[in-house]
Amino acid sequence: MNSSRLNFEDVHIGQEIDPLMKGPLTTPHLMRWSAAMENWHKIHYDVPFAIGHDKLPGLLINGSFKQQFLAQILKDWVGQQGWVWKLRFQFRAMNLVGETLTVWGKVMDKRPANGFGLVDLELGIRNEAGKESTPAGATVALPFRGGRAVPYPFPEQS
């Protein structure tokens, strides 16, 4: 995590943010996440069920777990002075136990707002084979250099 404050002026279109690596993800990782989320679908922890009953290639990494990875990379990037405003994603492919996932992000646009700046990012999650499973996008708010932190509650924007 970046310990220095990230300001709107520090960001440029095309900039890649530091990737977040997760894994290799194991059955205990999925079991703990399933317990925390109270998601007891066997496709996340019961190999005979996932493969035999549901005809899957293995245990599936929870979609909500991947969603949390996307939120984490953004939270880590904007720091305590910024704000993750919007996050959208699609689950387009399965990820399986044993995979190492890379969460990546790239700045696509930026614009000043009411006392702070808004930054649009393209995000995604890919496995070590380069397979993209979770395309995503986000908008974050960052303070201006010398300005105050993005306010809470976050003001509505159009």
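Structure's up top.
Remember, predicted model here, so these are calculated numbers, not experimental data.

**Student:** Can you walk me through the overall build of the protein in this structure?
**Tutor:** If you tally the helices and strands in the protein, you get three helices and five strands. Element order for the protein, N to C, with α for helix and β for strand: β-α-α-α-β-β-β-β. The principal-axis extent of the C-alpha atoms belonging to the protein is close to 60 × 30 × 30 Å. By residue count, 43% of the 158 residues in the protein fall in the buried class. Sequence-distant contacts, at least 24 apart, represent 69% of the contacts inside the protein between residues at least 6 apart. Only carbon and sulfur atoms are counted for the fraction: they give 54% of the accessible area of the protein, which is about 8,500 Å². Between the centroid of the 17 positive side chains of the protein and the centroid of its 15 negative side chains there is a distance of 2 Å.

**Student:** Help me understand helix 3 (residues 63-78), please; the structure alone is not making it clear to me.
**Tutor:** Every α-helical turn comprises 3.6 residues, leaving residues that sit three or four positions apart pointing alike. The end-to-end C-alpha distance of helix 3 is 23 Å, a good match for the 22 Å that 16 residues give at a rise of 1.5 Å each. Turning to helix 3, its buried residues number three or more, namely Phe65, Lys66, Phe69, Leu70, Gln72, Ile73, Leu74, Asp76, Trp77 and Val78. Next to the buried residues of helix 3 lie strand 1 (16-22), helix 1 (27-37), strand 2 (83-89), strand 3 (101-112), strand 4 (116-127) and strand 5 (136-143). Looking one or two residues past helix 3, Gly79 carries a phi angle of roughly 70°, positive in sign.

**Student:** Looking at this structure, how should I read the packing of aromatic side chains?
**Tutor:** Geometrically, a pair of aromatic rings is defined through the distance of the ring centres and the angle of the planes. With the rule as written, the count across this model stands at six aromatic pairs. Both rings, one in Phe65 and one in Phe69, keep their centres 4.6 Å apart while their planes meet at 45°; by these two values the pair is tilted. Here Phe65 pairs with Phe69, and both are found in helix 3, just four residues apart, close to one helical turn. For the pair shown, Phe65 and Phe69 are each scored as buried. Ring centres of Trp83 and Tyr152 lie 5.3 Å apart, and the angle between their planes is 35°; on these two criteria the pair is classed as tilted. Remark: Tyr152 occurs in the segment after strand 5 and Trp83 occurs in strand 2; sequence separation between them is 69 residues. In this structure an aromatic cluster arises from ring pairing among Trp33, Phe65 and Phe69. For the cation-ring pair, Lys86 lies above Trp85, with the distance from its terminal atom to the ring centre recorded as 4.3 Å.

**Student:** Explain the nonpolar core here, please?
**Tutor:** Nonpolar side chains tend to gather and get buried jointly when the protein is soluble and globular. Counting residues in hydrophobic clusters, the biggest one holds 27 residues, and the most contacted among them are Trp77, Val119, Leu121, Leu123 and Leu142. At the level of elements, strand 1, helix 1, helix 3, strand 3, strand 4 and strand 5 are the ones that each hand at least two residues to this core. At seven residues, the largest contribution of residues to this core is made by helix 3. Ignoring any residue separated from it by four or fewer positions in sequence, one finds Leu121 in contact with Ile17, Leu74, Trp77, Lys106, Val107, Met108, Ala136, Gly137, Ala138 and Val140.

**Student:** Help me understand unusual backbone geometry, please; the structure alone is not making it clear to me.
**Tutor:** Glycine aside, residues mostly have negative phi, and peptide bonds are mostly found in the trans state. With an omega of 5°, the peptide bond running from Gly23 to Pro24 counts as cis. Here Pro24 is to be found in the loop between strand 1 and helix 1. In this structure, Glu38 takes a positive phi of about 55° despite not being glycine. Glu38 sits in the exposed class, given a relative accessible area of 65%. Of note in this structure, Lys55 is not a glycine but carries a positive phi near 60°. Its place among the elements puts Lys55 in the loop between helix 2 (47-53) and helix 3.

Parameters and conventions
- Residues numbered from 1 in each chain as written.
- Predicted model: local features only at pLDDT ≥ 70, side-chain atom pairs only at ≥ 80, totals over all residues.
- Heavy atoms only, no water.
- Helix = DSSP H or I, 4+ residues; strand = E, 2+ residues; numbered from the N terminus.
- Buried < 20%, exposed > 50% of the residue type's maximum accessible area, 1.4 Å probe, protein only.
- Contact = heavy atoms within 4.5 Å.
- Areas by Shrake-Rupley, 256 points an atom, 1.4 Å probe, with all protein chains shown as cover.
- Lys, Arg positive; Asp, Glu negative; His and termini not counted.
- Charge placed at Lys NZ, Arg CZ, Asp CG, Glu CD.
- Expected span 1.5 Å × (residues − 1).
- Phe/Tyr/Trp six-rings, centres within 6.5 Å; stacked < 30°, edge-to-face > 60°.
- Lys NZ or Arg CZ within 6 Å of the ring centre and 35° of its normal.
- Core = buried A, V, L, I, M, F, W, Y, C linked by side-chain atoms within 4.5 Å.

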